[in-house]
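# Architecture and fold: a report
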Amino acid sequence: MTNTASFAFDNSYAQLPDRFFVAMPPTPVAGPSLAKLNHGLARHLGLDPQALGSAEGLQVLAGNQVPGGAHPLAMVYAGHQFGGWSPQLGDGRAILLGELTDQDGVRRDMLLKGAGRTPFSRGGDGRAALGPVLREYIVSEAMAALGVPTTRALAAVTTGETVMREAPSPGAILTRIAQSHVRIGTFEFFAARGDVEALGLLADYVIKRHYKEATETENPYRALLDNVIQRQAELIASWQLIGFIHGVMNTDNMSIAGETIDYGPCAFMDFYQAETVYSSIDHGGRYAYCNQPQIGHWNLSCLAQSLIPLLGDDEDAAIEAAKDALGLYPDLFDASYLAGLRSKLGLGGKRDGDLALGQDLLRRMEENQADFTLTFRGLCSLSGASAEADAPVRALFDNPSAFDEWAIQWRRRLADQPSSDGERQAAMRAINPAVIPRNHLVEEAITTAEENGDYTVMEDLVSVLSAPFEDQPKNSRYTLPPRNDQIVRATFCGT
Ligand code: AMP
Ligand code: MG
């Protein structure tokens, strides 16, 4: 085997007209060093992990060398940031190298985040700091293991340069893999300029790449909108069901392919509290946990509005079509969320009171500071017939009788279904994770890397998080909520 890092790029985005991007290479860095390489993902992408981790591969991951077949570019887009309109954003610090086809036949973007200034950098330095790069690596890989649609992390490298943030910080570059980097904001960019031709080309591109089934419908653009709405509803429901808070749900951070993208000040909840906000820049709590479903709807309304010129020849009819499509979102979200909640609770079949039963548990968790992940994981071990084994779960509640009262209702509901305890418990364990990337663990991994250049803590964390549904008794510390002195109250965008 040679040690040459070769990439079978097949680039489609670069075929779009010039006004979709600026073709340009990454800016080289002074002293690249490999922090973390995702061997499994590399193999899945048809890449040789050995070659990627070699000195030559490192030059590619650092942006110092553009590999053969790449067509490096910075994408243009717009977006609504915290509700305010920004007519031009674009990749201010990311370079799309090209597209690879993975072993499932899916086309994936390979992008370097933190690869230097571009015409879209505005005041920024075009770089990324090590902390946020490692957070994105850890959390996006954890999300993938949890079964949530997400971009992936192929590698993290340090640049040997210092970036100025709240404090001077080591510079780093993340190699991100995504189904694509087309965002709601990409559509908004062309719509706002009245560039209907580009809008049509973009929609056709997205349909071909992500929503082939839309071509067979009477109005493919309406089908595109419907499909994006459906995937986004399902995505946000899956966030709610694991206690994930994205943190910056701006329309430029919402993927058209329905993947979780642009991990910034994101975090998982420890104890359940609907109004939780971690982002230090989200002063009004716009992107609080409990607001995510409605914000998803709001973002999709920006997409629907952008698509109006494509939805019909007659503007009134096109507006009606956009409204109809948007009107489907609440039910799609509710259905996806309720189905997931039933599974989390081990409820077979559908009964009228199921949502109320789940919400009652959440309310009691909130009133009693019960840990979100441990409560649901704890339920997986309980008997449907008796409360004998309830001690570990009830102990999660400030007032354990709040759980006892709920458990009576839950058992009444379980008595109604045919599956055995064993079957139900196994099914519940397959969707209620034992481990999530808890904030204090992520911070510990980042701090150790930043201060000592020691990535072993991160390695261990990523490894444990790769099997989130398994009980790993020797790793039980990863399942525990933070002690008071370990609580992390804010995560920073760190751009
Ligand atoms: P984000 O909030 O990270 O999604 O970024 C919003 C916009 O700002 C995007 O267009 C980014 O490319 C850009 N941006 C963020 N950080 C930087 C930076 N350090 N240098 C240049 N552009 C940046
Ligand atoms: Mg972004």
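Remember, predicted model here, so these are calculated numbers, not experimental data. Numbers given to residues run from 1 along each chain, matching the order in which its sequence is written. Labels follow written order: the first chain is A, the first ligand is 1, and so on. Given that the model is predicted, a residue must reach a pLDDT of at least 70 before its local features are reported, and side-chain atom pairs must reach 80 or more before they are shown or counted; all residues, however, enter totals for whole chains, interfaces and linings. Based on all heavy atoms of the structure, the side-chain values leave hydrogens and waters out of the count.

## Notes on the overall build of the protein
Here a helix means four or more residues in a row that DSSP labels H or I, a strand means two or more in a row labelled E, and each is numbered from the N terminus. Regarding its fold elements, the protein presents 17 helices and twelve strands. Dimensions of the protein, computed from the C-alpha atoms along their principal axes, are close to 65 × 60 × 45 Å. Remark: exposure states derive from per-residue accessible area (1.4 Å probe, protein chains only) relative to the maximum for the residue type, with buried under 20%, exposed over 50%, and partly exposed in between. Looking at the 495 residues of the protein, the share that counts as buried comes to 58%. In the protein, of all internal contacts separated by at least 6 residues, the share reaching a separation of at least 24 is 72%. In the form shown here, the protein has an accessible surface area of approximately 19,600 Å², with 51% of it arising from carbon and sulfur atoms. The criterion used for residue contact is that any of the two residues' heavy atoms lie within 4.5 Å. Using a 1.4 Å probe, the Shrake-Rupley method yields the accessible areas, and only the shown protein chains count as cover for residues.

## What about the side chain of Gln-417?
Locating Gln-417 in the fold gives a position in the loop between helix H14 (400-414) and helix H15 (421-429). Contact partners of Gln-417, with chain neighbours within four places excluded, come to Gly-346, Leu-347, Gly-348 and Arg-424.

## Structural notes on the packing of aromatic side chains
Pairing of aromatic side chains requires ring centres within 6.5 Å, counting the rings of Phe and Tyr and the six-membered ring of Trp. Pairs whose planes differ by under 30 degrees are stacked, by over 60 edge-to-face, and all others tilted. Counted by the stated rule, this structure contains 18 aromatic pairs. Relative to Phe-244, the ring of Trp-239 has its centre 5.5 Å away and its plane inclined at 65°; by these criteria the two rings are edge-to-face. Residues Phe-244 and Phe-268 carry aromatic rings whose centres are separated by 5.4 Å and whose planes lie at 65° to one another, so their mutual orientation is edge-to-face. In this pair, Phe-244 sits in strand E11 (residues 244-245) while Phe-268 sits in strand E12 (residues 267-268), placing the two residues 24 residues apart along the sequence. Judged by relative accessible area, Phe-244 falls into the buried class, the value being 0%. A connected cluster of aromatic rings, assembled from ring pairs, spans Tyr-13, Phe-20, Phe-21, Phe-189, Phe-190 and Tyr-205. Note on criteria: charge over ring means Lys NZ or Arg CZ within 6 Å of the ring centre, with the direction from the centre no more than 35 degrees off the ring normal. It is Lys-344 that lies over the ring of Phe-376; its NZ or CZ is 4.5 Å from the centre.

## Looking at the site of ligand 1
Nearness is defined per residue: one heavy atom within 4 Å of the molecule or strand is enough. Within the structure, ligand 1 sits among 18 residues, and Gly-90, Gly-92, Arg-122, Gly-126 and Asn-253 are positioned closest to it. One nitrogen or oxygen atom from the side chain of Arg-122 is found 2.9 Å from an oxygen atom belonging to ligand 1. The contact in question runs from a nitrogen atom of ligand 1 to an N or O atom on the side chain of Asp-125, over 3.0 Å. Three classes are used, and their members are as follows: Ala, Val, Leu, Ile, Met, Phe, Trp, Tyr, Cys and Pro are nonpolar, Asp, Glu, Lys and Arg are charged, and the others, Gly among them, are polar. Classifying every residue of the shell around ligand 1 by side-chain character gives two nonpolar, eight polar and eight charged. A 3.5 Å cut-off defines polar contacts: any pair of N or O atoms within that distance qualifies, except that in protein one atom must be a possible hydrogen donor and the other a possible acceptor, and neighbouring residues in sequence count only when both atoms are side-chain atoms.

## Here we look at the domain arrangement of the protein
Where each domain begins and ends follows an automated or database-derived domain assignment. Domain boundaries assigned for the protein yield domain 1 (13-180) and domain 2 (346-429). In this structure, domain 1 and domain 2 have C-alpha centres spaced 42 Å apart.

## A look at the pairing of strand E6 (residues 94-101)
For E6, the tally of buried residues reaches seven of eight residues, placing the bulk of the element in the interior. By the bridge criterion, seven bridges tie E6 to strand E7 (residues 107-113) in an arrangement that is antiparallel. Counted as the bridge partner of Ala-94 is Lys-113 from E7. Between E6 and E7, which pair antiparallel in sequence order, lie five residues; one of them, Gly-105, sits at a positive phi of approximately 80°. Strand pairing is assigned whenever DSSP detects at least two bridges linking the two strands.

## Describing helix H10 (residues 329-345)
Within an α-helix, residues lying three or four positions from one another point in the same direction, as the helix has 3.6 residues per turn. In a helix, the anticipated span is given by 1.5 Å times the number of residues less one. Taking 1.5 Å of rise per residue, 17 residues should cover 24 Å, and H10 covers 24 Å from first to last C-alpha, within 8% of that figure. Taken together, the buried positions of H10 are occupied by Tyr-329, Phe-333, Tyr-337, Leu-338, Gly-340, Leu-341, Arg-342, Lys-344 and Leu-345. Directly after H10, the chain includes Gly-346, whose backbone phi takes a positive value near 75°.

## Comments concerning the side chain of Thr-448
Inspection of the secondary structure puts Thr-448 in helix H16 (residues 439-452). Given a relative accessible area of 15%, Thr-448 falls into the buried group. Of the polar contacts made by the side chain of Thr-448, one reaches the backbone oxygen of Glu-444; its length is 2.5 Å. Non-local contacts of Thr-448, meaning those with residues more than four positions away in its chain, are made with Gly-453, Asp-454 and Val-457.

## Section: helix H7 (residues 220-242)
For H7, spanning 23 residues, the distance from its first C-alpha to its last is 33 Å, which sits close to the expected 33 Å at 1.5 Å a residue. Where H7 ends, the next residue or the one after it, Gly-243, has phi of about 75°, a positive value.

## Considerations on the pattern of salt bridges
Salt bridges are defined by distance alone: a side-chain nitrogen of Lys or Arg within 4 Å of a carboxyl oxygen of Asp or Glu. Overall, the coordinates contain 33 salt bridges when judged by the stated rule. Across the pair Arg-107 and Glu-99 runs a salt bridge whose closest N-O atoms are separated by 2.7 Å. The exposure class of Arg-107 is partly exposed, given its relative accessible area of 25%. Here Glu-99 falls in the buried class, since its relative accessible area comes to 1%.

## Concerning the packing of H10 against helix H11 (residues 354-367)
Axis angle and axis distance: for two packed helices, these are the angle between their axes and the distance between the axes, and together they describe the pair. Angles shown run from 0 to 180 degrees and are taken between the N-to-C directions of axes, each axis being a line fitted to C-alpha atoms and, for helices, limited to the stretch in contact. Contact geometry for H10 and H11: axes closest at 10 Å, N-to-C directions at 70°. Put simply, H10 runs roughly perpendicular to H11. Crossing geometry of H10 relative to H11 is assigned as left-handed. Residue-level contacts link Tyr-337, Leu-338, Leu-341, Arg-342 and Leu-345 of H10 to Asp-354, Leu-355, Gly-358, Leu-361 and Leu-362 of H11. Class assignment for the residues of the contact of H10 with H11 results in seven nonpolar, one polar and two charged. For classification purposes, angles smaller than 35 degrees are called roughly parallel, those larger than 145 roughly antiparallel, those between 65 and 115 roughly perpendicular, and all remaining angles oblique. What makes a crossing left-handed is the near helix being turned counterclockwise from the far one by less than a right angle; a clockwise turn instead makes it right-handed.

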